[in-house]
Each structure stands twice: as C-alpha cells, then as structure tokens.
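Here is how the chains run, residue by residue.
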Amino acid sequence: LGLGGRAGGGGGCQLPAEWRPLSEGCRAELAAIIVYARVLALHPDPYGAYNYLPWQRGPHDGPQQEAGGLFYSAEIELLCDQAWGSMLEVPAGSRLNLTGLGYFSCHSHTVMQGYAYFFFLRMDENYILLPHGVNFQEAIFPDTQENRRMFASLFQFSNCSQAQHVLSFSSDWEIQEDNRLMCSSVQKALFEEEDRVKKLQQKVAALEKRNKQLRDRVKKVKRSLRQARKNSRHMEQVNRKLSEKLSSAGGQIPYINSLKQENSHATYLKV
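On a predicted model such as this, the values are computed, not experimentally measured, just so you know.

Caption draft 1: Representation of the confidence of the model for the protein within the structure. In the predicted model, the protein carries a mean pLDDT of 75, and 66% of its residues have values of at least 70. Here helix α3 (residues 171–179) stands out as the element of the protein with the lowest mean pLDDT, 47, in contrast to strand β7 (residues 140–142), whose mean of 95 is the highest. Residue range residues 1–11 is modelled with pLDDT below 50. Its contacts to residues more than four positions away, or to other chains, number 21 contacts. Note that residues 267–271 has pLDDT below 50 and, in this model, zero contacts with residues that lie over four places away or in other chains.

Caption draft 2: Up close: the pattern of salt bridges. By the definition in use, this model includes three salt bridges. In this structure, R95 engages E75 in a salt bridge whose closest nitrogen and oxygen atoms are separated by 3.9 Å. Of this pair, R95 sits in strand β3 (residues 95–103) while E75 sits in strand β2 (residues 71–78), placing them 20 residues apart in sequence. R148 is paired through a salt bridge with D143; the nearest N and O atoms lie 2.7 Å apart.

Caption draft 3: Representation of the side chain of H109 within the structure. Inspection of the secondary structure assignment puts H109 in strand β4 (residues 108–109). Not counting chain neighbours up to four residues away, the residues in contact with H109 comprise Y72, G100, L101, G102, P131, E138, A139 and I140.

Caption draft 4: Inspection of unusual backbone geometry at higher detail. Residue N135 is not a glycine yet carries a positive backbone phi of 60°. Within the element layout of this structure, N135 appears in the loop between β6 (129–131) and β7.

Caption draft 5: View of the packing of aromatic side chains. This structure, assessed with the given rule, holds six aromatic pairs. Ring centres of F120 and F151 lie 5.8 Å apart, and the angle between their planes is 80°; on these two criteria the pair is classed as edge-to-face. Here F120, found in strand β5 (residues 116–123), pairs with F151, found in helix α2 (residues 145–151); they are 31 residues apart in sequence, far enough to count as distant. According to the relative accessible area criterion, F151 is buried, its value standing at 1%. Through a chain of ring-to-ring contacts, three or more aromatic side chains come together here, namely Y36, F118, F120, F141 and F151.

Caption draft 6: Highlighting the nonpolar core. Ranked by size, the top nonpolar core spans 36 residues in total, and within it I34, V111, F119, F120 and F155 carry the most contacts. Those elements that place two or more of their residues in this core are β1 (33–44), β2, β3, β5 and β7. The residues touching V111, leaving out its near neighbours within four places in the chain, are V39, L42, Y72, A74, L101, Y117, F119 and I140.

Caption draft 7: Broad picture of a positive patch on the surface. Together, R210, R215, R217, K219, K220, K222, R223 and R226 make up a positively charged patch on the protein surface. For R217, a relative accessible area of 53% translates into the label exposed.

Caption draft 8: Fine view of the pairing of β3. Pairing of β2 with β3 involves six bridges; the strand directions are antiparallel. When the bridges of β3 are listed, E77 appears paired with R95. In this sheet, β4 lies alongside β3 in antiparallel orientation, the contact comprising two bridges. Across the sheet, residue Y103 finds its bridge partner in β4, namely S108.

Reading the values: rules and limits
- Residues numbered from 1 in each chain as written.
- Predicted model: local features only at pLDDT ≥ 70, side-chain atom pairs only at ≥ 80, totals over all residues.
- Heavy atoms only, no water.
- pLDDT = per-residue confidence, 0-100.
- Helix = DSSP H or I, 4+ residues; strand = E, 2+ residues; numbered from the N terminus.
- Contact = heavy atoms within 4.5 Å.
- Salt bridge = Lys/Arg side-chain N within 4 Å of Asp/Glu carboxyl O.
- Phe/Tyr/Trp six-rings, centres within 6.5 Å; stacked < 30°, edge-to-face > 60°.
- Buried < 20%, exposed > 50% of the residue type's maximum accessible area, 1.4 Å probe, protein only.
- Core = buried A, V, L, I, M, F, W, Y, C linked by side-chain atoms within 4.5 Å.
- Patch = residues over 30% accessible without salt bridge, like charges linked within 9 Å, V, L, I, M, F, W, Y side chains within 5 Å.
- Areas by Shrake-Rupley, 256 points an atom, 1.4 Å probe, with all protein chains shown as cover.
- Lys, Arg positive; Asp, Glu negative; His and termini not counted.
- Charge placed at Lys NZ, Arg CZ, Asp CG, Glu CD.
- Pairing = 2+ DSSP bridges.

Here it is, written out as structure tokens:
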C-alpha cells in the first residue's frame, strides 16, 4: 500500500477515517477474481495527459516518448484455474490482457516480464480486467514461498499445469480451512461494532456537552440566588436602621409638642 505523495503533484493520499487494515486472507474473500499467472509481455499504454513523470518532459514541454509511459498493460498466462469463488470462468493455460498497471497517485501495480504473480482482479463495466486493490491495499503478490503458503488453500483443488508443483495441498491447511471463520463476516461484524461504538461515543459526547450547559446554567442560577440573598440582607439592614431612626424620632415628638404649648401660653400672657 503506497501512501506517499502524488506522482508529479503536491499533496499525499488520505484514507477514510474509518479505514482499518485487512489481512490477505480476509481480502482474498472479498476479491472478485484471484488468479495465479505468469507475465508473458508488457505493453505501454498510449501517452496521456497524466501518463508521464515530471522529469519525462522534453525541453519544450513536449513528452519524451522514448522515456516510456507511466501506465502499461500486461499479457498473462494462467498457471492454474482461478481460485475458488472467482468470477472468471477460464481454464489454466488461458491468456488474458491485464490493464491498469503502473504508478498511480496512491499506489502502484507493477509486474515484470517472465515472472509469476498472484493477482487480485476485477472486471469493469467494459469487461476489462484490472487489479482489485481490496481495502486500498496490495493487489499483486510475487511468487514467493510465503505467498504460496498464504494462498495455497485457495488453489488446493485447482487444475494446475504439470510444470507447476508449487501449490501442493497439505493436511495442515485443510485443518485450518475447516476451522477458519469467514474473515469478511468477522470483519463486517467488527466494523458494525466499531460503528455502533462510534455512534455511542457521539451520543455520550452530546450528552456531556448538554450536561456541561446545564451545569453552567445551574451555576448562573446559584450565583443569581446568592446575589439576591445578599441584596435581601442588605435591604433588611437598611430597613432596620430606618426603623431605628423612626423610633428614635417618634420618642422626641411629645417633648416638641409641650415646648410649642408653653411658648404659645407665654406669648398670650405677655400680650
């Protein structure tokens, strides 16, 4: 899986946020076609607007045809029947054309003439065979002992040519195949569980946000209540002081009235 920068341009590739890597066995169950084949010949695709690397331009911004293109196709020969469950109904020894090879923005599907590979393939709407990069991962596997063992169960009953004795079936693989759970089903269940957990986490985050808002509102109400109580105590103090002043002023009223009466009587006598 190539996740480097884009060929001839800036910016890299970004996988979906929910992306998870899958094992080769799990992806083999999801691949449309799986074949074991040898590359007989390579054919460069015609030059296109994006079929070049930056250093393959001429001095006057013209393509350098002799430098080779970025994309190419291959003629392959099936060394075995297609794997179990594949959608391609052709026998061993058949020759097919495979396109969609070369260096792309996020990955590369490359092969060499004369070598054998295990291919994950798909067929487009025009019945053209292309590499099937299940889960944005590798679609072409070189013919190595490790890969032979990894894909042996897929070709264990296939009609391989007599010259090929590389995919011999063993009882260990039979036991593993009998006891093996369907990776795609398990992976689907895991994805569904992850999706459920993700939704629950979103609900929890929303509830936590709502709870925080309610706590903030409660704090504001408590603060307003404390201020109201403080204002109430202040008003009580003001009222008490005012009552005390009124009480003290009310005690002096009889004395003032007696003084008025005495002054008025004295004035009368004098007259």
